[in-house]
Each structure stands twice: as structure tokens, then as C-alpha cells.
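Here is what each chain is made of, one letter per residue.
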Amino acid sequence: MTDYREEIIDISEFQESDYNVLAREFNSHFPKTDAFMTLDKTTLHIMLNQLDIIKYREFLDALNIDPVLTDAAFDVVNRIGSYGLRGSKRHYAGYNAERKVSNRKAKEQDRGKHYYANDNEFSKTNNSLPAEYENRIICADSLGVLKKLPDNCIDIIFTSPPYNFGLEYDTHNDTASWNAYYEMLFGIFKECIRVLKYGGRFVVNVQPLYSDYIPAHHIISNFFIENKMIWKGEILWEKNNYNCKMCSYGSWKSPASPYLKYTWEFVEVYCKGDLKKAGKTADADITAEEFKSWVVAKWSIAPERHMKEFGHPAMFPENLVERVLKLFSFKNDVVLDPFNGAGTTTLVAKKTGRRYLGIDISQEYCDTAEKRIEDSYDPQPSIFDLE
Ligand SMILES: C[S@@+](CC[C@H](N)C(=O)[O-])C[C@H]1O[C@@H](n2cnc3c(N)ncnc32)[C@H](O)[C@@H]1O
């Protein structure tokens with residue numbers, strides 16, 4: 001006999017015709033052994049054995065009924081945090097009996113989720129970004145610009161700070177003492193947290209300085225945790241750049257001091273106040289295929305190949321920014337990059353229908369960032385124009 005888990009929705013506020021369509025279409029679309037819906041006067045019952053959540057979302061989006069009802073029907077299933085996987089289907093029934101950890105929810109409650117961030121004092125009131133900062137590239141020290149912004153006015157920050165590796169930037173000196181470096185970085189990051197909306201995301205690409213044994217990704221994570229940000233996760237950006245081989249492996253063929261080698265960087269994702277970000281379903285622009293692929297937190301993306309052309313030594317590839325923005329923000333959100341360099345974050349924000357603010361200390365990089373945005377308006381001439 002098939003086992004089901006039951007979820008319910010109060011339908012008293014919805015049109016009868018809408019919930020009738022929802023239940024009828026659901027029952028003819030999905031096999032009864034997977035899931036089915038029933039109705040009584042005030043309640044929609046969703047009986048779940050197993051379900052492909054992406055197909056369920058697509059099914060709901062195709063219905064021509066009140067989107068508040070379809071969103072509620074989706075959320076009640078999607079928020080079930082404990083399920084197994086059978087192929088692309090989540091399986092809900094009898095799953096807890098198979099789990100090694102019994103009374104999982106109660107134990108979670110005893111331990112306390114993200115305990116380090118729960119006593120934060122962040123205001124929940126979000127503000128608008130003042131118009132003079134919207135869709136702007138500003139050449140200045142980020143600290144000064146950020147100090148002029150109101151609290152809680154940015155939806156998402158994506159950045160890669162200078163790493164203090166000794167790279168040849170236009171104006172920035174990339175070899176400070178580590179104390180001076182972190183004082184500069186955390187001064188700017190503190191302002192970033194202040195201007196981030198409640199529920200906003202702070203996404204930082206970090207590469208540790210392996211040769212100096214500086215675990216920058218852990219140091220930066222400690223900073224976020226001390227500042228009451230919730231760790232949402234970590235993406236491993238696999239660059240497959242085997243060119244980064246060191247010519248010596250430490251103590252060759254000896255455990256005395258072998259040198260480890262890496263072909264990846266880290267992308268740390270932190271949230272302010274809440275893991276859930278406010279936004280309209282209609283403004284989510286990630287496709288089902290992208291979502292399925294990108295929630296697997298190892299991203300294989302080649303490094304940017306045009307750095308020479310743009311005259312910047314450490315640029316993001318556009319694809320990395322596209323994934324971060326589509327996975328963690330909605331269209332029309334405000335995107336900030338306080339170390340904007342040649343402007344990859346602001347360019348992709350523009351291309352994906354988001355608003356942006358990019359700040360960099362180098363006029364040359366800011367000019368490049370502006371030009372890349374301008375050029376993105378120009379459609380490539382077609383072969384007919386060239387004739
Ligand atoms: C790793 S790069 C960012 C590159 C960028 N992600 C891109 O795709 O082009 C770091 C940038 O931080 C800038 N920078 C360093 N100190 C700064 C500061 N105090 N304020 C603003 N920008 C700064 C540097 O000029 C450099 O362009």
C-alpha cells in the first residue's frame with residue numbers, strides 16, 4: 001500500500017473555481033501513486049508520496065489561476081526540509097523511518113540553527129537605494145561611498161576583494177601587512193553589511209594564499225560569523241587551471257612537507273537576518289535546468305580569458321556572476337560590487353535586468369566598466385549590415 005505524507009492549505013480566501021482547477025488538473029497530471037489532492041470546504045489536502053519539485057513548479061506555472069494559490073501550493077511542499085531522493089523525485093513518505101537520525105526536528109531545535117547569528121540586532125525595515133546611486137559606476141574608495149548610503153538598501157553584494165597576493169593593479173597596492181589588509185577589508189565589509197537589506201545576500205569569492213599559508217576563506221568567514229551573518233553555504237568554483245602547478249611539491253616524495261595544489265576558488269554565501277529573501281516568483285529568472293544544475297555547489301567554470309584585453313589582472317568570468325545573480329537574487333534587485341574592477345558584476349547585473357552600483361578605486365577600471373555596459377547596448381552588426 002502506498003504511504004503518503006499530508007500537507008494542507010487553508011483555501012477559504014481563494015476562488016472555488018481556482019482550487020477546483022488546481023486539484024483536478026493535479027490529479028490528472030501526476031500519478032496517484034506519487035501524489036494527489038483532495039478538497040473539503042476550507043482545506044486543500046496534498047497527499048505526497050514522491051514528487052519532482054521542478055516539474056511540480058512548471059505544472060503550477062502553466063495553470064491559469066490565482067498565482068497566490070499556486071505559490072502557496074508550491075511553498076507548502078517545497079519547504080518540507082526532510083526528504084529522500086529517488087532519481088529526480090523527492091520522496092516524503094516513510095522517509096523518516098529510514099533515516100539514521102530519529103526525532104531530527106526536535107534535535108535541531110535543541111541544538112539551535114545558526115546559533116551564532118540569532119542574537120543579531122539588524123533592523124527589519126528595508127529602504128530604497130537613493131536614485132543618484134542607481135545604475136552607477138563610481139570611482140572612489142568604497143568606504144567613503146558606502147558611508148553615504150542608508151541602512152538596508154542593497155539586495156545582493158557579489159564581489160572579489162583584492163587578495164593581497166601582490167598583483168599589479170592600476171592604483172591599489174596589493175602587498176600590505178596582513179593586519180593592515182584585513183583592517184581595510186573589514187572596514188568596507190562592515191559598511192556592506194550595514195547597507196545590505198534584511199534578508200539580503202553577501203556573496204564573496206575568496207582565494208586563500210596557499211603559498212603563505214593564509215586561509216583567507218576561513219578568516220573572512222570568521223568575520224561574517226562574528227558580525228552575525230548566517231552562513232548559507234559555500235560554492236567550490238572549479239577553474240580546472242592546472243597551470244597553477246607549483247614547480248616544487250615541497251618535500252618531494254616525503255611526508256616531511258608535501259605542498260598541496262588547488263585548481264579551485266571558494267564562493268562564500270552569507271545572509272543578513274534571514275535565509276529567505278523576499279521577492280516575487282515572476283521576478284525569478286532562473287530556468288528549471290539551471291536551478292537543478294547550479295544548486296549542486298561545485299561549479300566548473302573556466303577563468304576569464306579576456307583579462308589582457310580589458311587591462312585588469314583578476315576578473316570574474318561572466319558565467320560565474322550570472323549563476324550567482326540568478327540563483328540568489330531576483331530581477332530588478334539592487335546589486336552592489338564594492339570592488340568592481342573592470343565591471344563584470346555590474347555588466348551582468350545590467351544584462352540580467354537588475355539594478356547596479358559598482359565602486360572601484362581606479363578610474364581606468366571604472367572607465368572599462370562603463371564602456372562594457374555601453375557596448376552591451378550595441379547589437380553586433382548582422383552580416384546584412386556589413387554588405
Ligand atoms: C579582484 S579585483 C575585482 C575584479 C572584478 N571582480 C572584475 O571582474 O573585474 C579587486 C578590485 O578592487 C579594487 N580596490 C582595491 N581597494 C579598493 C577600495 N578601497 N575601494 C574600491 N575599490 C578598491 C581594485 O582596484 C581592483 O580592481
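Residues numbered from 1 in each chain as written. Predicted model: local features only at pLDDT ≥ 70, side-chain atom pairs only at ≥ 80, totals over all residues.

**Quick look at the overall build of the protein**
1) Next: On a plain count of helices and strands, the protein comes out with 14 helices and 14 strands.
2) Next: Its C-alpha atoms put the protein at 70 × 65 × 50 Å along the principal axes.
3) Next: Counting across all 387 residues of the protein, residues that qualify as buried make up 29%.
4) Next: Taking the contacts inside the protein whose residues are at least 6 apart along the sequence as the reference set, 72% of them involve residues at least 24 apart. (Helix = DSSP H or I, 4+ residues; strand = E, 2+ residues; numbered from the N terminus. Buried ≥ 20, exposed ≤ 12 C-beta atoms within 10 Å, placed from the backbone. Contact = placed C-beta atoms within 7 Å.)

**Here we look at the packing of helix α12 (residues 344–351) against helix α13 (residues 363–377)**
A packed helix pair is summarised by two numbers, namely the angle formed by the two axes and the spacing between the axes.
1) Next: Between α12 and α13, the shortest axis-to-axis distance is 9 Å and the interhelical angle comes to 25°. Accordingly, the angle class assigned to the pair α12 and α13 is roughly parallel. Crossing hand, α12 versus α13: right-handed. Along its contact with α12, which presents Thr346, Leu347, Lys350 and Lys351, the element α13 presents Ala369, Arg372, Ile373 and Ser376. (Axes fitted to C-alpha atoms, helices over the stretch in contact; angles between N-to-C directions. Parallel < 35°, antiparallel > 145°, perpendicular 65-115°, else oblique. Left-handed = near helix turned anticlockwise from the far one by under 90°.)

**Some thoughts on the nonpolar core**
1) Next: Ranked by size, the top nonpolar core spans 52 residues in total, and within it Ile157, Phe202 and Val203 carry the most contacts.
2) Next: Leaving out residues up to four positions away in the same chain, valine 203 has contacts with Ile156, Ile157, Phe158, Val267, Val269, Val324 and Phe328.
3) Next: The next biggest cluster of nonpolar side chains, apart from the first, holds 17 residues, and it includes Tyr19, Phe30, Leu48 and Ala73. (Core = buried A, V, L, I, M, F, W, Y, C linked by C-beta atoms within 7 Å.)

**Let's talk about the site of the ligand**
1) Next: Neighbouring residues of the ligand: 20 residues in total, closest Met315, Phe339, Gly341, Ala342 and Thr344.
2) Next: Among the residues forming the shell around the ligand, the class breakdown is eleven nonpolar, seven polar and two charged. (Near = placed C-beta within 6 Å. Nonpolar A, V, L, I, M, F, W, Y, C, P; charged D, E, K, R; others polar.)

**Things to note about helix α5 (residues 104–111)**
Since one α-helical turn is 3.6 residues long, residues separated by three or four positions face the same way.
1) Next: Across the eight residues of α5, zero count as buried, placing the element largely on the outside.
2) Next: Downstream of α5 by one or two residues, glycine 112 has phi in the positive range, about 85°.

**Considerations on the domain arrangement of the protein**
1) Next: By the assigned domains, the protein splits into domain 1 (5–94) and domain 2 (131–243 + 259–376).
2) Next: Each of domain 1 and domain 2 has a C-alpha centre, and these two points are 37 Å apart.
3) Next: On the domain 2 side, the residues contacting the four residues of domain 1 number four residues.
4) Next: Those elements that place two or more of their residues in the side of domain 1 that touches domain 2 are α2 (53–62) and α3 (67–78).
5) Next: For the side of domain 1 that touches domain 2, a count of residues per class yields two nonpolar, no polar and two charged. (Domains from an automatic or database assignment.)

**Things to note about the sheet that holds strand β2 (residues 35–39)**
1) Next: The antiparallel open sheet is built from three strands, whose spatial order is β1-β3-β2. Each edge of the open sheet is held by one strand with a lone partner, namely β1 (5–10) and β2. Taken over all neighbouring pairs, the strand axes of this sheet differ in orientation by 20° on average, direction set aside.
2) Next: Strand direction decides the pairing type here: β1 and strand β3 (residues 43–48), joined by six bridges, are antiparallel. Within β3, the position partnered with isoleucine 9 by the bridge is leucine 44.
3) Next: Along the sheet, helix α1 (residues 16–29) contacts β2 and β3; its crossing angle with β2, the most-contacted strand, is approximately 150°.
4) Next: Sitting on the sheet, α3 is in contact with β1 and β3, with an inclination near 145° to β1. (Pairing = 2+ DSSP bridges.)

**As for the packing of helix α11 (residues 318–328) against α12**
1) Next: Their axes nearest at 9 Å, the elements α11 and α12 cross at an angle of 55°. Judged by the angle between their axes, α11 and α12 are oblique. Considering the relative orientation of α11 and α12, their crossing is right-handed. Together, Glu318, Val321, Glu322 and Leu325 of α11 and Thr344, Thr345, Val348 and Ala349 of α12 make up the contact between the two elements.
2) Next: Across the contact of α11 with α12, the residue classes tally to four nonpolar, two polar and two charged.

**Observations concerning the pairing of strand β13 (residues 334–337)**
1) Next: Burial along β13 is two-sided: the residues Val334 and Leu336 and Val335 and Asp337 are all buried.
2) Next: Judged from the four bridges that link them, β13 and strand β14 (residues 355–360) form a sheet pairing that is parallel. Bridge pairing links valine 334 to arginine 355 in β14.
3) Next: For the crossover from β13 across α12 to β14, the handedness is right-handed. (Right-handed = clockwise from strand over helix to strand, strands pointing away.)

**Quick word on the environment of glutamate 370**
1) Next: Its place among the elements puts glutamate 370 in helix α13.
2) Next: Here glutamate 370 falls in the partly exposed class, since 16 other C-beta atoms lie within 10 Å of it.
3) Next: Distance from glutamate 370 to threonine 346, taken between C-alpha atoms, is 9.0 Å for residues 24 residues apart in sequence.

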